[in-house]
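Residue-level listing of the chains:
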Amino acid sequence: MPALSSRVRPPQVLLAVGAVLLVAGAVATGGATGGLLLGALAAGTASAWASRRDLSGTRETLAAVAVALAVAGVADGGPFPGSPAGPAVLALVLVGVARLQPGPLTWPLGAWAVVQLAAVRAAADVPAGVLRTCVLLTLALGGLAVVLGARTTLAKIALVTTVPWWVLGVAGGTGAAWSAGVGAGISAALTVVAAAGLLVVRLEPSVSPLLGPPRAIPVLAGGVAGAAVAGALSGSPASAVLAGYTGVLLAAGAAALLDGWRRGLLLPAALAAGAVLLASALVQLLVDTAWAELALLLVLTALPAVLVARWRREDRPAALPAAVGCLAAAAALAVPAGMLRPEGAAVVLSVLYAVALAGAAGLAAGTRGRTTGTGAVAAVAALGFAAATGSPSRLAAHLAAQGLLTWLWAVQVHRRVTGAGGPARTAGAAQLVLAAWVLAASAGTGAVEAYTLPAAAGLLLAAGPRLRSGPSQPAWAPGLLVAAVPSVVLAVAAPGVLRPLLVLAAAAGVMVGGAAAGVRTPLLVGAGTAVALAVGLAVTALPLPLAGALVVGTALLALGARRELRPVGGFAERVADMR
């Protein structure tokens, strides 16, 4: 747009200065209301004449003079001093003039300015409370209606001047809705209508640049409407459940049914309103310690998520963890509510863990993280409830069941994508080991093999497919050594016959199995176990000096062979050459 100095002409300067001097002089002289209104009538008549002569600058200037004189005439005097009636009558007159002379923009602008004066007086005269809130929201809705029907300039001005009324009305309406008074429902309804009006205004192209990002207004309108409705339904735990489930249905229904431009406009509003309704209901039920109602709300919240996960495959990565999480939280809250015993909650949570694993198996690798994470939380909660029962066997049963499920799930994932499922396989093996340890501790057994053998089996299970393919040492050695070393040490150090026989039998079995399968590490570990056990038993059976000689001789033989194979320093020299 060119600069103002390049667009202003001398007649326009004369008109502006003359209008300012005329209005200032008429107001400064303290003229009577009748004189000011007669001056306004004369200026309006002159503006009509200029309009017929196609003098655009003159008609706008004279119309502005007429509006200024009329406003000055009704500001403090007139037939209704200090009342909104005077500005309201003047606004009606200006609207009529604007209909008769649609050309000048000053008439509708003046009418809107006088309406603001009437609104200020009306709001000041109404006592604080629900009635003033209704007045403010009515003014805000009227301003939004003007925005939709006015020309571009007037629409922008009307929007900017309506924002304070909207903010005050919405704040008052939300507060009245949460006050649990007589007008809570009416205030909430008017607040929802005001929020809907803001959504409608978002569709007006002339004012859309003033409203910020496309999602800002829908989110604001939805949040305001949700807060007002939540306040109106905050009277009791039952009504809080109703409010929360209304929010869930609103968000789920909008996501499932809306499409096109309606989805872009209404879905953010529905999601914001649903989130506010659900969050306010959860907070209220938590504050009131209404565990049964809270569990019911979570179960009801899970139902739409279950349906979405069942019928909308593209939304399954988000819907499945939401459903599992809500049901798991409901099962946990059912215990303090007296609806479930801790052992029952543990079973439900373990079943939900299995459901989460089954659902995650059908998801893509990059989208199953939230589902498995939610299932893991449910599994930990199940173990906590099982431990709270005081029964080690029950805790071990849950650990074993969860570990087996986790390990089998990891194997299934590895079959689909080679190399996947390693952390889950390790976690499943660890759960199985913990289950065995819990049983061993509860049985009071003192045998170290009750702990080392489950740990060795867990290491082998964690290796998984690597036991059949790839190098055998990293897959087989950790588990076999954990099983062999403690038992060999105890078989040599502790008196007894049974443990050495069992260790030798196990070593022979491992050697035979490794040789038959063509795997080197089991063969070597089995052979090393047998040799170490035999040498250890021989050493402990000899007198101490002979045993010392045997140990030292063996060490010297090993060192000499090593240094002949890899000579270092003085070991490479001949004895005759040494000093």
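Whatever comes next refers back to the structure up there.
For clarity, every value in this text was computed on a predicted model and none was experimentally measured. (Residues numbered from 1 in each chain as written. Predicted model: local features only at pLDDT ≥ 70, side-chain atom pairs only at ≥ 80, totals over all residues. Heavy atoms only, no water.)

Turning to a nonpolar patch on the surface, a few remarks are in order. There is a patch of nonpolar side chains on the surface, built from M339, L340 and V348 and spanning about 240 Å² of accessible area. Mapped onto the fold, V348 is located in helix α15 (residues 342-361). (Patch = residues over 30% accessible without salt bridge, like charges linked within 9 Å, V, L, I, M, F, W, Y side chains within 5 Å. Areas by Shrake-Rupley, 256 points an atom, 1.4 Å probe, with all protein chains shown as cover. Salt bridge = Lys/Arg side-chain N within 4 Å of Asp/Glu carboxyl O. Helix = DSSP H or I, 4+ residues; strand = E, 2+ residues; numbered from the N terminus.)

Take the packing of aromatic side chains next. Any pair of aromatic rings gets described here by the distance separating the centres and the angle formed by the planes. Considering all chains together, one arrives at one aromatic pair under this definition. Relative to Y451, the ring of W437 has its centre 6.5 Å away and its plane inclined at 55°; by these criteria the two rings are tilted. Taken together, the residues W437 in helix α18 (residues 422-443) and Y451 in helix α19 (residues 449-463) connect sequence positions 14 residues apart. A relative accessible area of 33% places W437 in the partly exposed class. Judged by its relative accessible area of 29%, Y451 falls in the partly exposed class. If you follow R310 out to its NZ or CZ, it ends over the ring of W311, 4.4 Å from the centre. (Phe/Tyr/Trp six-rings, centres within 6.5 Å; stacked < 30°, edge-to-face > 60°. Buried < 20%, exposed > 50% of the residue type's maximum accessible area, 1.4 Å probe, protein only. Lys NZ or Arg CZ within 6 Å of the ring centre and 35° of its normal.)

Another aspect to go through is the pattern of salt bridges. Note on pairing: side chains with opposite charge can pair once their charged atoms come close. On inspection of all chains with the given rule, the structure shows two salt bridges. Its salt-bridge partner being R341, residue E343 comes within 2.8 Å of it at the nearest N-O pair. The class for R341 is exposed, based on a relative accessible area of 58%. For the salt bridge of R499 with E449, the shortest nitrogen-to-oxygen distance reads 3.0 Å. In this pair, R499 sits in helix α21 (residues 498-517) while E449 sits in helix α19, placing the two residues 50 residues apart along the sequence. Residue E449 is classed as buried on the basis of its relative accessible area, which comes to 16%.

This part covers the packing of α21 against helix α22 (residues 520-541). It is the contact of α21 with α22, at a shortest axis distance of 7 Å, that shows an interaxial angle of 155°. Compared by their axis directions, α21 and α22 come out roughly antiparallel. Regarding α21 and α22, the two cross each other, and that crossing is left-handed. Contact with α21, carried on its side by P500, V503, L504, A507, V510, M511, G514 and A515, involves P522, L523, G526, A527, T529, A530, L533 and L537 of α22 and no other residues of that element. Its residues assigned to classes, the contact of α21 with α22 comprises 13 nonpolar, three polar and no charged. (Axes fitted to C-alpha atoms, helices over the stretch in contact; angles between N-to-C directions. Parallel < 35°, antiparallel > 145°, perpendicular 65-115°, else oblique. Left-handed = near helix turned anticlockwise from the far one by under 90°. Contact = heavy atoms within 4.5 Å. Nonpolar A, V, L, I, M, F, W, Y, C, P; charged D, E, K, R; others polar.)

Turning our eyes to something else, we now look at helix α12 (residues 260-287). With 28 residues, α12 should reach 40 Å at 1.5 Å per residue; the first-to-last C-alpha distance of 40 Å fits that figure. At L266, α12 is bent by approximately 40°, the largest bend along its length, and proline P268 sits one to four residues beyond. (Expected span 1.5 Å × (residues − 1). Bend = angle between axes of the 7 residues up to and from the residue.)

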